[in-house]
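Structure at a glance
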Amino acid sequence: MPSPAAAPAAPQGIPLAEEAAAPVKIALRNVFKVFGDRPEAAIALARQGRTKEEILAETGCTIGVHDASFDIHAGEIFVIMGLSGSGKSTLLRLINRLIEPSAGAIEIDGQDVTKLSAQDLIALRRRDMAMVFQSFALLPNRTVLDNAAFGLEVAGVKEAERHARAMAALKGVGLAPYAQSRPDALSGGMKQRVGLARALASEPSVLLMDEAFSALDPLIRAEMQDELLRLQSEHSRTIVFVSHDLDEAMRIGDRIAIMQHGHVVQVGTPDEIVTKPANDYVRSFFRNVDVAQVFRARDIARETQVTLIERRGMAVPAALERLRRHDRDTAIVVGRDKRYHGMVSADSLAQAARSGAADPYARAFLADVEPLHADDLLSEVMGRVAQSPHPLPVVDGAQRYLGSISKSTLLMSLDRSTD
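Rules used throughout
- Residues numbered from 1 in each chain as written.
- Predicted model: local features only at pLDDT ≥ 70, side-chain atom pairs only at ≥ 80, totals over all residues.
- Heavy atoms only, no water.
- Buried < 20%, exposed > 50% of the residue type's maximum accessible area, 1.4 Å probe, protein only.
- Helix = DSSP H or I, 4+ residues; strand = E, 2+ residues; numbered from the N terminus.
- Pairing = 2+ DSSP bridges.
- 1 Å grid on protein atoms, 1.4 Å probe; cavity = no way out; pocket = protein on both sides within 12 Å on 5 of 7 lines; lining within 4 Å.
- Points joined across faces, edges and corners; volume = space filled by probe spheres on them.
- Nonpolar A, V, L, I, M, F, W, Y, C, P; charged D, E, K, R; others polar.
- Arc of directions from axis to C-beta.

For strand β12 (residues 330-334), the buried fraction is high: five of the five residues fall into the buried class. As paired strands, β12 and strand β13 (residues 340-345) are joined by five bridges and run antiparallel to one another. Paired with V334 across the strands is Y340, a residue of β13. Counting the residues in the hairpin turn of β12 and β13 gives five residues, including K338, whose phi is positive at 70 degrees.

Another aspect to go through is the layout of surface pockets. By volume, the second largest pocket amounts to about 670 Å³. As for the second largest pocket, its lining consists of 23 residues, of which R125, M129, A130, M131 and G151 are closest to the centre. Looking at the lining of the second largest pocket, the elements that each hand over two or more residues are α4 (118-128), β6 (129-132), α6 (150-154) and α8 (188-200). Counted by class, the lining of the second largest pocket contains 14 nonpolar, six polar and three charged residues.

Once that is clear, we can look at empty space enclosed by the protein. If you walk through the whole model with that rule in mind, you get one cavity of 30 Å³ or more. Volume-wise, the largest cavity comes out at about 30 Å³. If you trace the largest cavity, you find it lined by L196, L200, L207, L228, L231, Q232, R237 and I239. When residues of the lining of the largest cavity are traced back to their parent elements, those giving at least two are α8 and α9 (218-234). No other element matches the three residues that α9 contributes to the lining of the largest cavity. Partitioned by chemical class, the residues of the lining of the largest cavity number six nonpolar, one polar and one charged.

What follows covers helix α15 (residues 346-355). All buried positions along α15 are accounted for by S348, L349 and A352. Each buried residue of α15 sits inside an arc of 100 degrees when the element is viewed along its axis, so together they form one side. Opposite the buried face of α15, by more than 90 degrees, sit the exposed residues D347 and R354.

Below you can see the structure in the form of structure tokens.
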């Protein structure tokens, strides 16, 4: 993952194996959407590099999506964002063919949905895909339970089964007590939860969300974002989420695609896009972003500290020599499995050795060093790093050492002007 500030290489550190990427769930390959009567001519001009305005003037056609190619991985929340008219909602609707693509391939689990018959497409939507819109679209004369079960009813699922699945979905979004209520008795946020429950009742592996929270008040919107993240932690789905709100995209997105005039101009994690914007358009989106609310400890951890592998026969003099050679006052002690054991200093090692202890390393660990967790936001760790006399180690959920954060690394990361 790209880092906010460059750091010198540290051959004395211990590199960790990268986690395997999740499999590709959705793949778009050279996808175009042209609105107008001459799509082939418009696509030919687009491939020649003609502008959207020139294509419109010559063919009368509008390029809605221009040669989109990217992968969406299983289990991630993938946010598509851009200004009004950028093509983000059009792109979302191409995935389930609510809008027919003009060219290109769209694969879900390796199957090209652009080649499916109408019957097979309906089966795919019922089996694997669901969509949540900005409009609640609830039926006022039906109960909350019947609204949540409506998609299953359309699909021909028997009443007992669809009510059971709808009730399970309502429990998931915290609305089971309102199952027999009417929509007019619910708040806006509760109505959107019913819409979400209706989508979840079909147990889809892909959830498409088009500006789903845009109509909600800011506080309720934040609650719905939290609800979505909670549901995702309990049952991981592939979620494609369209938004025009930067804070929302940064908060929920594992990766973000930025669209401009139908083009997908950049795809990356929030920190990748913040630190390496593809052009001025992307840079303008993120100019005022608070990086302390974006970057996590793992993103800026550096392996510039000396690491010592704790093992039988490891001698204090050898450890002290490593510190001297690398001009360091402290070192990180890890096991052969790269798990963090503690931090030692030249002074603590020397004192432990003089004590004559059978295990001088155990006596040498600094007591005032508490490692940072890899997923901690910088805003949560700034105070600890600032107050610590030593660089603080960063560990993952398995207590593997990922690197350390010093005061200088933190300051460079927070300084957006640093290249």
